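# Descriptive structure summary
The primary structure of each chain is shown beneath.
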Amino acid sequence: MAVNKGDAPELITLRFDSLTDDIKMQIKISNDTPFEGIMKCYRKNFGINKRFLYDGKEISESDTPLSIGMEDEDSIEVDNGVY
């Protein structure tokens, strides 16, 4: 059975930009990978009370770039706050 290109996971680059600190980072991730691991790592290194936003909406740990419509070179805003 042939696999359509649209069905295969795609590696994309995402930028994380802090709204309150001077922290910027860029990662490559498969578009079907949940954000859980990335969020835990970011919080461990830069602070536990962080919210992750895409297009003004909060991202959950179970979201994937594909599930929220992200594309290569998109940015995630990181904000301090209770989540």
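Note: the structure precedes this text.
The sections below set out a description of the structure shown in this document. (Residues numbered from 1 in each chain as written. Predicted model: local features only at pLDDT ≥ 70, side-chain atom pairs only at ≥ 80, totals over all residues. Heavy atoms only, no water.)

### Considering the pattern of salt bridges
Filter applied, for reference: Salt bridges, as used here, are contacts in which a Lys or Arg side-chain nitrogen is within 4 Å of a carboxyl oxygen on Asp or Glu. Put simply, DSSP H or I for four residues or longer makes a helix, DSSP E for two residues or longer makes a strand, and each gets a number counted from the N terminus. Only protein chains enter the accessibility calculation, which uses a 1.4 Å probe; a residue whose area is less than 20% of its type maximum is buried, one above 50% is exposed, and one in between is partly exposed.
Summed over the entire model, instances satisfying the criterion amount to seven salt bridges. Note that R15 is salt-bridged to E73, the shortest N-O span being 3.4 Å. Taken as a pair, R15 in strand β1 (residues 11-18) and E73 in the loop between β4 (57-58) and β5 (74-80) lie far apart in primary sequence, 58 residues in all. Between E61 and R43 there is a salt bridge whose closest N-O contact spans 3.2 Å. Remark: R43 occurs in helix α1 (residues 36-46) and E61 occurs in the loop between β4 and β5; sequence separation between them is 18 residues. A relative accessible area of 31% means that E61 is categorised as partly exposed.

### Concerning the nonpolar core
The criterion, for reference: Grouping buried Ala, Val, Leu, Ile, Met, Phe, Trp, Tyr and Cys residues that are joined through side-chain atoms within 4.5 Å yields what is termed a nonpolar core. It only takes one pair of heavy atoms within 4.5 Å for two residues to be counted as in contact.
Ranked by size, the top nonpolar core spans 16 residues in total, and within it L14, F16, F35, F52, I59 and I76 carry the most contacts. When contributions to this core are tallied by element, the ones reaching two or more residues are β1, β2 (24-30), α1, β3 (50-54) and β5. Residues within four places of F16 in sequence aside, it is in contact with I23, K24, M25, I27, I38, Y42, F52, I76 and V78.

### Brief notes about the pairing of β5
The line we're drawing: Strand pairing follows a simple DSSP-based rule, namely that at least 2 bridges must link the two strands.
Two strands pair when backbone bridges link them, and β1 and β5 are joined in this way by five bridges, in the parallel orientation. Looking at the pairing, L14 lines up with D74 of β5. Direction of pairing for β3 relative to β5: antiparallel, over a ladder of four bridges. In the sheet register, R51 faces β5, and the bridge partner there is D79.

### Comments concerning the side chain of T13
What counts here: Throughout this description, a polar contact denotes any pair of N or O atoms lying within 3.5 Å of each other; where both atoms belong to protein, one of them has to be capable of donating a hydrogen while the other can accept it, and for residues adjacent in sequence the pair is counted only when both atoms sit in side chains.
Relative to the helices and strands, T13 resides in strand β1. Engagement of the side chain of T13 in a polar contact is seen with the side chain of K28, the distance being 3.0 Å.

### What about the sheet that holds β5?
What counts here: Axes here refer to lines fitted to C-alpha atoms; in helices the fit is confined to the stretch in contact. Angles between the N-to-C directions go from 0 to 180 degrees.
Spatial ordering of the open sheet is given by β2-β1-β5-β3-β4, a layout of five strands whose pairing is mixed. The sheet is open, and its two borders are formed by β2 and β4, each paired with just one other strand. Running over the sheet, α1 touches β1, β2, β3 and β5 and is turned about 135° from β3.

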